[in-house]
Structure formats: structure tokens, C-alpha cells
Amino acid sequence: MKGIHVSVMTDEVLEVLADIREGWVVDGTVGQAGHALEILRATPPEVRLLAFDRDPQAIEESERKLAPFAKRVRFFQRGYEDLPEVLEQAEIKAVDRILLDLGLSTTQLDSDRGFAFDHDAPLDMQFDPDGGLPAARMIRRISEKTLARDLKELGQVPASRRLARVLKERSRRGAMETVADFVDACREVLGPRVRKMDSATLPAMVVRILTNRELERLDRFLACLPDILSPGGKVAVLSYHSGEDGRVKRAFRSLAVEGGWSLPYKKGLKPSMEEVSRNRRARSARMRVAVREEVGS
Ligand SMILES: C[S@@+](CC[C@H](N)C(=O)[O-])C[C@H]1O[C@@H](n2cnc3c(N)ncnc32)[C@H](O)[C@@H]1O
């Protein structure tokens, strides 16, 4: 049976972001619209939403789910890192609340787009299927050295050099085209399990991050925050991986050090044990919040 996507830390998201009576909220990763729907329900009609996702299927599904609120929502099949250009085109000077819920949704995991390895599919893994190179081609293009480094640094994958060598070698002879090819290579180098996980789990996460250039996009977004968030505005980022969370932590800290920004939760927020027991996806989540102070406060 296909799983449904259960949004993570919704109570905390609402507490931090749904405290306004008017203005613009951005959901930069609208996904299955779980958070977006609750934000719209919790705020008055004067609060409007800009919903972004790179995945056209996520936008389609969100449009359906948010239909009762259609007058309050504008959808963009764009990356959240494009916010400055989108706001300029839409003649919106600044926004008041921003949410990013990084990573991928259960719906994507269940699709035939190569994100999961319990069923075979072409090795694609792109959030936007028209937006760049499928994972199989990314592996063909990336150097063995960079792939080995990223497997190690982003995924703490053991034997990362040997795995990179095998992935590249199979890719050169046209044997790295499907999820089954990828899983085979991981099994051969790493055995069936790594740290109690399927041995393909961490390499697949790294390949997905590289395929979608997720960290570069996050960096671009973090750098443009002072240009797009209004005074009194708040941004909340939910990450599931230390590579992402570390970037968010450093970027928020440097805003606070430069002045005019505060960080209400020094170590970020984590989901309750009760949430983790009901939703496995929540177990690695951490939410960081930055607040732009009012002018003159
Ligand atoms: C964890 S899901 C979001 C789930 C959503 N918060 C909900 O409650 O239904 C993450 C979403 O982010 C999207 N995504 C990933 N990178 C993106 C980017 N750079 N810009 C916009 N969307 C992105 C993915 O396509 C996916 O739909």
C-alpha cells in the first residue's frame, strides 16, 4: 500500500508562523500541502500564501487540496531559491513568514521516479523531472573523487572511495541506469546493511542531494533572506540531515551576529517523542527559526 505524507512538527510550525493577521506567508516546499493547509486554516483571509515546489506533481496535488482557499493562494512551480525573482515579478516587496520543509515527501518516495529502492525504476531522482540531469547522468558526469568525497562527507558512507569507483565504472559501461543497478553496486561494496539500514539508504540520499543540487539551492535561499523578509518577519526551516541543518544554523547565527535578527530557540526545536513514535519521518527533524527584528526595536 502506498503511504500518505504526514507533515512533521505541524504544531510547532503553526505556533511560530501562524501568528499573523495579515500579510504574505511563503511555503517554499509545499509538497502535499499539509503545512500550507493548516496555516491557511489557522489564519484570517487577509493572510495570503505563496506556494512553491519544484515538483509539478506536488503543485498539482496542492492546488487540489487548497482549492477551498484558492483566492488566498498563488502557486509557483519554481525553486524556493528563486524567491527574489518571483517576488519582483509579482511586485511583492517583502514577505512576513517563510517555511521550508526540506527533503522529499512520502509521495515522491512511493513514485516511480527512482527515489526508493524497494521497487525498480529508472535512476532519476529529480524533484523537477524537466529541471536538469537524472541521477544516472549525474553519476556519469561527476568525477570519481568528488563523488567519493560527497559520499563520505554528506552521507558518512563507509568505503566511499571504493563505492565511487564501482558506481563510476558501471556507469561508464552503461550498467548504472536503474535503481536495481544502483542497489546492486551498494550491496556489492557495502554488504546488505550499514548501521542497521539498507546499505543503499545513505548513498541514495547523497545521490539525490547531488542530483537536485539541494545544498547550493539552500545556500542561495539563506543568502537572500535579508532582501525578502520584512521587519518583524520570521523564517522556519525544517531539516532532516546534518549537512542541511549545519548550513541553516551557520547562516542564522551570522544574521544574529550582524545584528537586527534574533534566534528564539538557540538549539532549534525537535519533534516530541509522541510525534516520533507516530511518524518515523520526524525522527531526524530539527526546526530552526530566525526573526527579523522590527525597525527601531
Ligand atoms: C518534505 S516535502 C514537503 C512536505 C510539505 N511540507 C507538506 O506538509 O506536505 C519537501 C518538498 O520540497 C520540494 N523541494 C525540494 N527542493 C526544493 C526547492 N529547491 N524548491 C522548492 N521545492 C523543493 C520537494 O519536491 C518536496 O515536495
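Small disclaimer: the values here were computed from a predicted structure and weren't measured. (Residues numbered from 1 in each chain as written. Predicted model: local features only at pLDDT ≥ 70, side-chain atom pairs only at ≥ 80, totals over all residues.)

Caption draft 1: Fine view of the overall build of the protein. Scanning the protein from terminus to terminus reveals 13 helices and 9 strands. Whereas a compact globule of 297 residues would reach a radius of gyration of roughly 19 Å, the protein reaches 20 Å, a difference of no more than 12%. The 297 residues of the protein split such that 43% are buried. Partitioning the intrachain contacts of the protein with sequence separation of at least 6 by distance along the chain shows that 69% fall at a separation of at least 24. (Helix = DSSP H or I, 4+ residues; strand = E, 2+ residues; numbered from the N terminus. Rg over C-alpha atoms; globule rule 2.2 N^0.38 Å. Buried ≥ 20, exposed ≤ 12 C-beta atoms within 10 Å, placed from the backbone. Contact = placed C-beta atoms within 7 Å.)

Caption draft 2: Quick look at the site of the ligand. Taken together, 23 residues are adjacent to the ligand, and Ser 7, Thr 29, Gly 31, Gly 34 and Asp 101 come closest. Of the residues in the shell around the ligand, the class split is 6 nonpolar, 11 polar and 6 charged. (Near = placed C-beta within 6 Å. Nonpolar A, V, L, I, M, F, W, Y, C, P; charged D, E, K, R; others polar.)

Caption draft 3: Looking closely at the domain arrangement of the protein. The assigned domain composition of the protein is domain 1 (10-107 + 214-292) and domain 2 (128-211). Taking the mean C-alpha position of each, domain 1 and domain 2 sit 29 Å from one another. Listed by partner, the interface residues are 5 residues for domain 1 and 4 residues for domain 2. Of the residues belonging to the side of domain 1 that touches domain 2, the class tally is 1 nonpolar, 1 polar and 3 charged. (Domains from an automatic or database assignment.)

Caption draft 4: Spotlight on helix α12 (residues 242-258). If you check α12, its first and last C-alpha atoms are 24 Å apart, about what 17 residues at 1.5 Å a residue would give, namely 24 Å. Those residues of α12 that fall on the buried side of the exposure criterion are Glu 244, Asp 245, Val 248, Phe 252 and Leu 255. Buried residues of α12, viewed axially, fall in a sector of 95 degrees; they line one side. Among the exposed residues of α12, those pointing more than 90 degrees away from its buried face are Gly 246, Arg 250, Ser 254, Val 257 and Glu 258. For α12, the elements touching its buried residues are α11 (214-228), β7 (229-239), β8 (261-262) and β9 (286-292). At the C-terminal side of α12, Gly 259 shows a positive phi close to 105 degrees. (Expected span 1.5 Å × (residues − 1). Arc of directions from axis to C-beta.)

Caption draft 5: Highlighting the pairing of β9. Counting buried positions over the 7 residues of β9 gives 7, a clear majority of the element. Residue alternation in β9 divides its side chains into two sets, Arg 286, Arg 288, Ala 290 and Arg 292 and Met 287, Val 289 and Val 291, and both sets are buried. In terms of strand pairing, β7 meets β9 through 6 bridges, oriented antiparallel. Across the sheet, the residue bridging to Ser 239 is Arg 286, located in β9. In this structure, β8 lies alongside β9, joined through 2 bridges in antiparallel fashion. Pairing of Trp 261 across the sheet is with Arg 292, part of β9. (Pairing = 2+ DSSP bridges.)

Caption draft 6: Representation of α11 within the structure. Over its 15 residues, α11 runs 20 Å from end to end, which matches the ideal 21 Å to within 8%, given 1.5 Å per residue. Of all the bends in α11, the greatest, near 25 degrees, is centred on Leu 222, and the proline Pro 226 appears no more than four residues after it. Along α11, the positions that sit buried rather than exposed are Glu 214, Leu 218, Phe 221, Leu 222 and Ile 228. Buried-residue contacts for α11 involve α4 (83-89), β4 (95-101), α10 (201-211), β7 and α12. (Bend = angle between axes of the 7 residues up to and from the residue.)

Caption draft 7: Representation of the sheet that holds β9 within the structure. Spatially, β3-β2-β1-β4-β7-β9-β8 is the arrangement adopted by the 7 strands of the open sheet, whose pairing is mixed. Across the chains shown, the open sheet's two edge strands, defined by having one partner strand only, are β3 (73-76) and β8. Relative to strand β2 (residues 47-52), strand β1 (residues 23-27) is paired through 5 bridges, and the arrangement is parallel. The residue bridging Val 25 from the neighbouring strand is Leu 49, located in β2. Set on the sheet, helix α1 (residues 10-17) makes contact with β1, β4, β7 and β9; between it and β7 the angle comes to about 170 degrees. Taken strand by strand, α12 contacts β7, β8 and β9, and its axis lies near 20 degrees from that of β9. (Axes fitted to C-alpha atoms, helices over the stretch in contact; angles between N-to-C directions.)

Caption draft 8: Expanded view of the nonpolar core. If you look at the biggest cluster of nonpolar residues, it comprises 50 residues, and the most contacted ones within it are Val 26, Ala 36, Ala 236 and Leu 238. Formed by 32 residues, the second largest nonpolar core is a distinct cluster that contains Ile 142, Leu 190, Ala 200 and Ala 204. (Core = buried A, V, L, I, M, F, W, Y, C linked by C-beta atoms within 7 Å.)

Caption draft 9: Main features of the pairing of β1. Within β1, 4 of the 5 residues are buried, which leaves it mostly tucked inside the rest of the structure. Viewed along the sheet, the connection from β1 through helix α2 (residues 34-42) into β2 turns out right-handed. Pairing of β1 with β4, which is carried by 3 bridges, proceeds in the parallel orientation. When the bridges of β4 are listed, Asp 27 appears paired with Leu 99. (Right-handed = clockwise from strand over helix to strand, strands pointing away.)

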